[in-house]
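Secondary and tertiary structure notes
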Amino acid sequence: MLKKKVTAAFMVILLSMSTILLAPVKTEAYLGDRMLNLGIQGYDVKQLQKNLGYLGYAVGQVDGIYGWETMQMVRDFQRNNGLAVDGVVGQETANAVIEQVGQPPSPRRTAAPSRGVIPYSNQDIEALACLVYGEARGEPFEGQVAVAAVVLNRVDSNQFGKNIGEVIFEPGAFTAVDDGQFYLQPDNSSYQAVQAALRGWDPTGEALYYWNPATATNKWVWTRTIVTRIGQHVFAR
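Just so it is clear, the structure is predicted and the values come from calculations on it, not from any experiment. (Residues numbered from 1 in each chain as written. Predicted model: local features only at pLDDT ≥ 70, side-chain atom pairs only at ≥ 80, totals over all residues. Heavy atoms only, no water.)

Okay, the confidence of the model for the protein chain next. Note that predicted coordinates carrying low pLDDT should not be read in detail. Predicted confidence across the protein chain gives a mean pLDDT of 82, with 80% of residues reaching 70 or more. Counting interchain partners and residues more than four positions distant, the pLDDT-below-50 stretch residues 8-27 has eight contacts. Note on residues 107-117: pLDDT under 50 across the span, and 21 contacts to partners over four residues away in sequence or across chains. (pLDDT = per-residue confidence, 0-100. Contact = heavy atoms within 4.5 Å.)

Pasting the structure below:
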């Protein structure tokens, strides 16, 4: 009987030890102190998520857990910055994130009024988010940023309207306005895409037009010079 009790107690100790060994190890390391990959938790992961969210990437929940969503966000960042696309945050990727976060917003596009810069109001941001959602939901995040960037490029060009509202509501300019999808409630990704565009990210190369080549019926747009393709849209000047 004593032997059975000793054995049972020993098994309880073993199970407790294995639970401790298998539990995720959290750390207060800072971004760049260690390599981050799938399954890691800690303050540095939360730092990474917040930083990439600030840079305009679709963060999801900032929970300090390096899950699949965070890995995809890292891969998008690496792809957009000419880094090895492996979803692992080594020193090079960490330094690139830190460097970009430390840079001031683009003086060309800012939500705060300043001399020589067009200020963007909350109404402008809301309208852009509605347009992004209506025109590009289901597109990759870069494609959503691209739609917002085209609107800002049109404002800057002085060829379409003096402000965001005039550009968006120009008759026939955007399908989402014509068919009512503009008035749907934008999701979080749409707002993040707008913020990324306002901070200066333009994945279109200063394009003024975009369309879906599979559904476009306007022959005139094909006379424009196509700059790039993102998702289902081509972008042109």
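All right, on to the pairing of strand β3 (residues 233-236) then. Side chains of β3 alternate between two faces, with His233 and Phe235 and Val234 and Ala236 buried alike. Direction of pairing for strand β1 (residues 209-211) relative to β3: antiparallel, over a ladder of three bridges. For Tyr210, the partnering residue across the bridge sits in β3 and is Phe235. In this sheet, β3 lies alongside strand β2 (residues 226-230) in antiparallel orientation, the contact comprising four bridges. Of the residues in β3, the one forming a bridge with Ile226 is Ala236. (Buried < 20%, exposed > 50% of the residue type's maximum accessible area, 1.4 Å probe, protein only. Helix = DSSP H or I, 4+ residues; strand = E, 2+ residues; numbered from the N terminus. Pairing = 2+ DSSP bridges.)

We now examine unusual backbone geometry. Despite not being glycine, Asn158 has its phi angle at roughly 65 degrees, a positive value. Along the chain, Asn158 turns up in the loop between α6 (141-157) and α7 (164-168). A positive phi angle, near 65 degrees, is found at Glu206, a position not held by glycine. Inspection of the secondary structure puts Glu206 in the loop between α9 (188-198) and β1. Judged by its relative accessible area of 52%, Glu206 is exposed.

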